[in-house]
Amino acid sequence: MTQKMNRVKASDIDLKEKVVAIKRVAKVVKGGRRFSFSAIVVVGDGNGVVGYGLGKANEVTDAITKGIDDAKKNLVEVPVFKGTVPHETLGKFGGGFVLVKPASEGTGVIAGGAMRAVFESAGIHNVLAKSKGSSNPHNVVKATFDALLQMRDPYTVAEQRGVGLDKVFNG
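Residues numbered from 1 in each chain as written. Predicted model: local features only at pLDDT ≥ 70, side-chain atom pairs only at ≥ 80, totals over all residues. Heavy atoms only, no water.

By the naming in an unreviewed UniProt entry, the protein goes by Small ribosomal subunit protein uS5 and is assigned to Roseivirga spongicola. According to UniProt, the comment filed for the protein under the heading Sequence similarities (unreviewed entry) is "Belongs to the universal ribosomal protein uS5 family." (UniProt positions renumbered as here; feature names shortened; annotations may be inferred.)

Draft legend 1. Inspection of the nonpolar core at higher detail. Judged by nonpolar contacts, the single largest core of 27 residues is most densely connected at Val 50, Val 100 and Phe 119. Elements with a contribution of two residues or more to this core: strand S2 (32–44), strand S6 (96–102), helix H2 (113–122), strand S8 (127–133) and helix H3 (137–150). Counting residues per element, this core draws most heavily on H3, which supplies 7 residues. Split by domain, the residues of this core number at least three in each of domain 1 (14–75) and domain 2 (87–162). When near neighbours in sequence (up to four residues on either side) are disregarded, Val 100 contacts Val 85, His 87, Glu 88, Thr 89, Phe 119, Val 127, Leu 128, Ala 129, Ala 147 and Met 151. (Core = buried A, V, L, I, M, F, W, Y, C linked by side-chain atoms within 4.5 Å. Buried < 20%, exposed > 50% of the residue type's maximum accessible area, 1.4 Å probe, protein only. Helix = DSSP H or I, 4+ residues; strand = E, 2+ residues; numbered from the N terminus. Domains from an automatic or database assignment. Contact = heavy atoms within 4.5 Å.)

Draft legend 2. Up close: the sheet that holds strand S3 (residues 49–57). Spatial ordering of the open sheet is given by S1-S2-S3-S4, a layout of 4 strands whose pairing is antiparallel. The sheet is open, and its two borders are formed by strand S1 (16–29) and strand S4 (76–77), each paired with just one other strand. Sheet topology places S2 next to S3; 8 bridges connect them, and they run antiparallel. Across the sheet, the residue bridging to Val 42 is Tyr 52, located in S3. The sheet strands contacting H3 are S1, S2, S3 and S4, and the helix crosses S3 at an angle near 155°. (Pairing = 2+ DSSP bridges. Axes fitted to C-alpha atoms, helices over the stretch in contact; angles between N-to-C directions.)

Draft legend 3. Region of interest: the environment of Leu 75. Take Leu 75: it is sitting in the loop between helix H1 (60–73) and S4. With a relative accessible area of 1%, Leu 75 lands in the buried category. In this structure the C-alpha to C-alpha distance between Leu 75 and Val 41, which are 34 residues apart in sequence, comes to 12 Å.

Draft legend 4. How the structure looks around the sheet that holds strand S5 (residues 89–93). Read across the sheet, 4 strands follow the order S5-S6-S8-S7 without closing on themselves; strand pairing throughout is mixed. The sheet is open, and its two borders are formed by S5 and strand S7 (109–110), each paired with just one other strand. Bridge analysis of S6 against S8 gives 7 bridges, and the strand direction is antiparallel. The residue of S8 that forms the bridge with Leu 99 is Lys 130. Across the sheet, H3 is in contact with S5, S6 and S8; its angle to S5 comes to roughly 140°.

Next comes the structure, spelled out in structure tokens:
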């Protein structure tokens, strides 16, 4: 089954950005090492629209700015149902595996650093998440996006099945 991504234009909404990780990377040249910086950034409106981007530059501020611009080009809409995710799912990317479960009101965001930034930017306030496998922030963020893009909200499920919303929840 191919996954349909709900792309959103950055100019339509007010976005808040969060820096997930900044790393100093080195390129070995004839005269020694040349250092630059790599930054992974997550942006979101706190209402179901979120995106991530990678920026590389010789200065930290430039890398963050490039990451924000890249993230604004990769915005997607994720379903948020009563402040949490609609159902349990598993996201994968490279060596990163992420388990995401819905949580009751008042639970908060129980997730690791890279996943926490994605959930808070997306406006998901109650969620249980566990990162299995790689702890590399790049893989964890992309695996979290994979999990969120697999989500289907109850209204879509009811429409696809041709039944009422109460039938989706109560069987």
